[in-house]
Amino acid sequence: MNNPFSQLGIRHDIVNAISELGFENPTPIQEQSIPVLLTGSNDFVGLAQTGTGKTAAFGLPLLELLDFEENYPQALVLCPTRELCLQITNDLKNYSKNMSNVHVVAVYGGASISDQLRQIKRGVQIVVATPGRMLDIINRKAIDFSQVQYVVLDEADEMLNMGFQEDIDNILSTTPEDKKTWLFSATMPSEVRRISKKYMTDPFELTMGEKNTGNANIEHEYYIVRARDKYAAFKRIVDFNPEIFGIVFCRTKIETQEIAEALIKDGYNADSLHGDLSQQQRDKVMKRYRERSLQLLIATDVAARGIDVNDVTHVINYSLPDEIENYTHRSGRTARAGKTGVSISIINSKEIGKIRQIERVIGKKFIKAEIPTGFDVCEKQLFGLIHKVHNVEVNEQQIEQYLPRIMDEFADLSKEDIIKRFASIEFNSFLEYYKNAPDLNVAEDPRGAREGERFPRTGTRADFTRLFINLGSVDGFGRGDLLGYFCNQTGLVGRTIGKIDVKGVYSFVEVPNADVDQAFNAFKSAEFKGRQVRIEISADGGNESRGGWSNKKREGGNGGGNRREGGNRSNERNGSGFRDFSGKRREDRGERRKRY
Ligand code: AMP
């Protein structure tokens, strides 16, 4: 009786089954709804996001309440999509795997109706269905709902969004008056309120969190860019998050296809999901996504309904939805089952009003984020690579035979040199790709400035000049060390130096305008640990200094940028993080020529 689910009133064979699924403690919605639903005597409205554990919240009570010695339909679960229908069916089967004679049938479009009819005929207690196919089966007089005791309307807002109101009315008219109705919805628009009034008597209402509030584990961010920079900005966000496992929402099928095609061409691990795909094609895409052999799923709102993949790290609103309500559905695809997630919106400056509206609906503030600079991306990818090298599993047996030759090849290099070279293989490609990458951010204009108007990203005090220097924390510098080094080299006095911003492989130092020449002269032939030290003026928050990365030494480097060009990129598309950049550079250069 110590198990928390037992304490809620769930019998031990179900508790054993869900323990095997890793359910140790009830989620908040389970904790609060199970005791109410177990009484079997209430209508119920649960306002809860997807991913909160609501399937078990209604599924476990159903398994407790129904009479499984009888083989007629006693419960009907209606949900908006085939995906969700299969998921719920599967979950119910898993919860009841230690019980005998439990029959759950999934009824959904796009699959053989005769199989479904056969299963119904054999005897079933729980029918999980999408409304269209359910109605079809009812119209064929192939099912008898006259003894249904419980109807669950799952993701009711989605069903109404999809235009199922009439179908739901027709289906429910075949069920008894005195059945209990349990409605779950992520949001409570007036249509849902209306159906709850229509079908329920004095329902027990449960709101998880604030009314209409999004999942607290989701962080909402927006980026303002010019319309023509949107794709480039999107790619930068993806590049800045090498471990991304995301769903990218577009407004139309065509946009979905275009973005997916462009991404695939650019060497990303992406595919599209939209209404023009056959069920088989949809299944294939979803299978790849679930298995994580796809890193980015580009989808329309309708196609993505019911997607229940856990561990989605990012939802990206490539276009904001037409309906505010859809924003909640989109972002609810991340941060499932207690995880955290980020919902990103890439907007133009005119759309800021929409963000403010969404903030009001979800009751949460967005964070205004900055499109990472080329430097930021390079740094992030570099350390992603370093991390990967550090943690790679070595196949000792296979590598052993080659080791003597490898050691021989490296005999003339120090450990430090070898590390640098390994890191440079990938890093050079990034540097090359991003060396002239412009700042894509557009300042937020409170007066609703016309789209495209740009403001400096960060200001430098008028009497100071911000200098880029190609030394950073990887060279062992903190702010104080860099100040000391800089003053030693230049002869400038520490207290005259402005802000120092130490990054990984570079830093920014503000010096008085009058001292800029002195600093440049001092670094003309300076070296640090055998490497030439360079400084450059960074008038625009460091962006102009990007040219600094294009020095001959790095560019010529070891030719790593070309090494894999045209090679097999599929190895890199394993979702393991570090994406092949060299393979996509050609198109991107073209894109840059076109775009910037
Ligand atoms: P749902 O909202 O029902 O789609 O559930 C979202 C995810 O949370 C699913 O992967 C469930 O298996 C999982 N889940 C549901 N309840 C629990 C629980 N009590 N403990 C751990 N995981 C759960």
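Relevant structure appears above.
Sequence order sets the numbering: in each chain, residues are counted from 1 along the sequence as written. In keeping with the predicted nature of the model, local features appear solely for residues at pLDDT of at least 70, side-chain atom pairs appear and are counted solely at 80 or more, and the whole-chain, interface and lining totals rest on all residues. To obtain the side-chain values, all non-hydrogen atoms of the structure were included, while hydrogens and water were left out.

> Requested: an account of the sheet that holds strand β8 (residues 218-224), with residues and values cited.
In short, DSSP must find at least two bridges between two strands for them to pair. Numbering of helices and strands runs from the N terminus; a helix is a DSSP stretch of H or I covering at least four residues, while a strand is a stretch of E covering at least two. Strand order in the open sheet formed by seven strands is β10-β11-β9-β12-β13-β8-β14, and the pairing between neighbours is parallel. Each edge of the sheet is formed by a strand with only one pairing partner; in this case those strands are β10 (270-273) and β14 (367-368). As paired strands, strand β9 (residues 246-249) and strand β11 (residues 296-299) are joined by four bridges and run parallel to one another. When the sheet's bridge partners are listed, I247 is paired in β11 with L297. Most of the contacts of helix α11 (residues 230-240) go to strand β13 (residues 341-347), to which it runs at about 160 degrees, and overall it touches β8, β9, β11, β12 (314-317) and β13. Along the sheet, helix α13 (residues 279-290) contacts β9, β10 and β11; its crossing angle with β10, the most-contacted strand, is approximately 140 degrees. What makes two residues a contact is simply this: any of their non-hydrogen atoms within 4.5 Å. Note on geometry: axes are C-alpha line fits, over the in-contact stretch for helices, and angles between N-to-C directions span 0 to 180 degrees.

> Provide a residue-level description of the packing of helix α17 (residues 374-391) against helix α20 (residues 415-434), including the pertinent values.
At a minimum axis separation of 10 Å, α17 and α20 run at an interaxial angle of 160 degrees. Comparing their axes, α20 and α17 come out roughly antiparallel. The hand of the α17/α20 crossing is right-handed. Together, G374, V377, C378, Q381, L382, L385 and I386 of α17 and F422, A423, E426, F427, F430, L431 and Y434 of α20 make up the contact between the two elements. Relative orientations are named as follows: roughly parallel for angles under 35 degrees, roughly antiparallel for angles over 145 degrees, roughly perpendicular for angles from 65 to 115 degrees, and oblique for any other angle. Handedness of a crossing follows from how the near helix is turned relative to the far one, being left-handed for an anticlockwise turn of less than a right angle and right-handed for a clockwise one.

> Got a sec to walk through the side chain of H220? Specific residues and values, please.
Relative to the assigned elements, H220 resides in strand β8. Within polar-contact distance, the side chain of H220 engages the side chain of Y327 at 2.7 Å. Setting aside its immediate chain neighbours within four residues, H220 contacts Y327, S331, S343, I362, K364, K365, F366 and I367. Two N or O atoms form a polar contact when they lie within 3.5 Å of each other; inside protein one atom must be a possible hydrogen donor and the other a possible acceptor, and for residues adjacent in sequence the pair counts only when both atoms belong to side chains.

> I'd like to hear about helix α15 (residues 324-331), residue by residue, with values.
Here the term buried applies to any residue with accessible area under 20% of the maximum for its type, exposed to any over 50%, and partly exposed to those in between, with areas from a 1.4 Å probe on protein chains only. Most of α15 sits inside the fold, with six of its eight residues counted as buried. Every buried residue of α15 is accounted for by N326, Y327, T328, H329, R330 and S331.

> Lay out the site of the ligand with the relevant residues and their values.
Consider each residue's heavy atoms; a residue with any of them within 4 Å of a molecule or strand counts as near. By nearness alone, 15 residues border the ligand, and N25, Q30, G53, T55 and N310 come closest of all. The separation between a nitrogen atom of the ligand and a polar main-chain atom of N25 is 2.8 Å. At 3.1 Å, a backbone N or O of T52 approaches an oxygen atom of the ligand. Surface exposure here means Shrake-Rupley accessible area, sampled with a 1.4 Å probe, where a residue is shielded only by the protein chains that are shown. In isolation the ligand offers 490 Å² of accessible surface; the protein chains occlude 79% of this area.

> Could you give me a rundown of the pattern of salt bridges, with the residues and numbers involved?
The rule for a salt bridge is simple: a side-chain nitrogen of Lys or Arg has to be within 4 Å of a carboxyl oxygen of Asp or Glu. Here the structure, examined in full by the defined rule, presents 23 salt bridges. K54 serves as the salt-bridge partner of D154, at 3.0 Å between the closest nitrogen and oxygen. Residue D154 is located in the loop between β5 (150-153) and α8 (156-161), and its partner K54 is located in helix α4 (residues 54-65); the two are separated by 100 residues in the primary sequence. Both residues of the pair, D154 and K54, belong to the buried class. Of the charged contacts in the structure, one is a salt bridge between D136 and R140, with a shortest N-O distance of 3.2 Å. On the basis of relative accessible area, R140 is assigned to the partly exposed category, the value being 46%. Taken together, the shared-partner salt bridges connect K54, D154 and E155 into one network.

> Please set out helix α12 (residues 253-265) residue by residue, giving values where relevant.
To estimate the expected span of a helix, count its residues, drop one, and scale the result by 1.5 Å. Here α12 spans 18 Å end to end across 13 residues, near enough to the 18 Å set by a 1.5 Å rise per residue. When we look at burial in α12, the residues that qualify are E255, T256, I259, A260 and L263. Angular distribution of buried residues about the axis of α12 spans 125 degrees; they occupy a single face of the element. Every exposed residue of α12 that faces more than 90 degrees away from the buried side is listed here: I254, E261 and K265. Turning to α12, the residues buried within the fold contact α11, β10 and β11. Arc, as used here, means the arc of the directions from the helix axis to the C-beta atoms.

> An account of the sheet that holds strand β4 (residues 126-129) is requested, with residue identities and associated values reported.
Consider a sheet: its strands pair through backbone hydrogen bonds, and that pairing is either parallel or antiparallel. The sheet built from seven strands is open, its strands ordered β3-β4-β2-β5-β6-β1-β7 with parallel pairing. The sheet is open, and its two edges are formed by β3 (104-107) and β7 (204-207), each paired on a single side. Strand-to-strand twist across the sheet, computed as the mean angle between neighbouring axes with direction ignored, equals 10 degrees. Pairing between strand β1 (residues 44-47) and strand β6 (residues 180-185): four bridges, direction parallel. Its bridge partner being in β6, G46 is matched across the sheet by F184. Against the sheet, helix α3 (residues 28-38) touches β1, β6 and β7, its axis set at about 175 degrees to β7.

> Would you mind going over the packing of aromatic side chains in detail, with residue names and values included?
Note on aromatic contacts: the rings of Phe and Tyr and the six-membered ring of Trp form a pair at centre separations within 6.5 Å, being stacked when their planes are under 30 degrees apart, edge-to-face when over 60 apart, and tilted otherwise. Scanning all chains against the criterion turns up 21 aromatic pairs. Between the aromatic rings of F410 and F422, the centroid separation amounts to 6.0 Å while the plane-to-plane angle is 65 degrees, which identifies the pairing as edge-to-face. Placement of F410 in the loop between α19 (403-409) and α20 and of F422 in helix α20 is noted, with a sequence separation of twelve residues between them. Judged by its relative accessible area of 26%, F410 falls in the partly exposed class. According to the relative accessible area criterion, F422 is partly exposed, its value standing at 47%. Here the aromatic residues F477, Y485, F486, F523 and F528 are joined through ring pairs into a cluster of three or more. Our definition puts a charge over a ring when NZ of Lys or CZ of Arg is within 6 Å of the ring centre and also within 35 degrees of the ring normal. Cation over ring: K230 sits above Y318, and NZ or CZ is 5.0 Å from the ring centre. The ring of F240 is capped by K380, whose NZ or CZ atom sits 4.1 Å from the centre of that ring.

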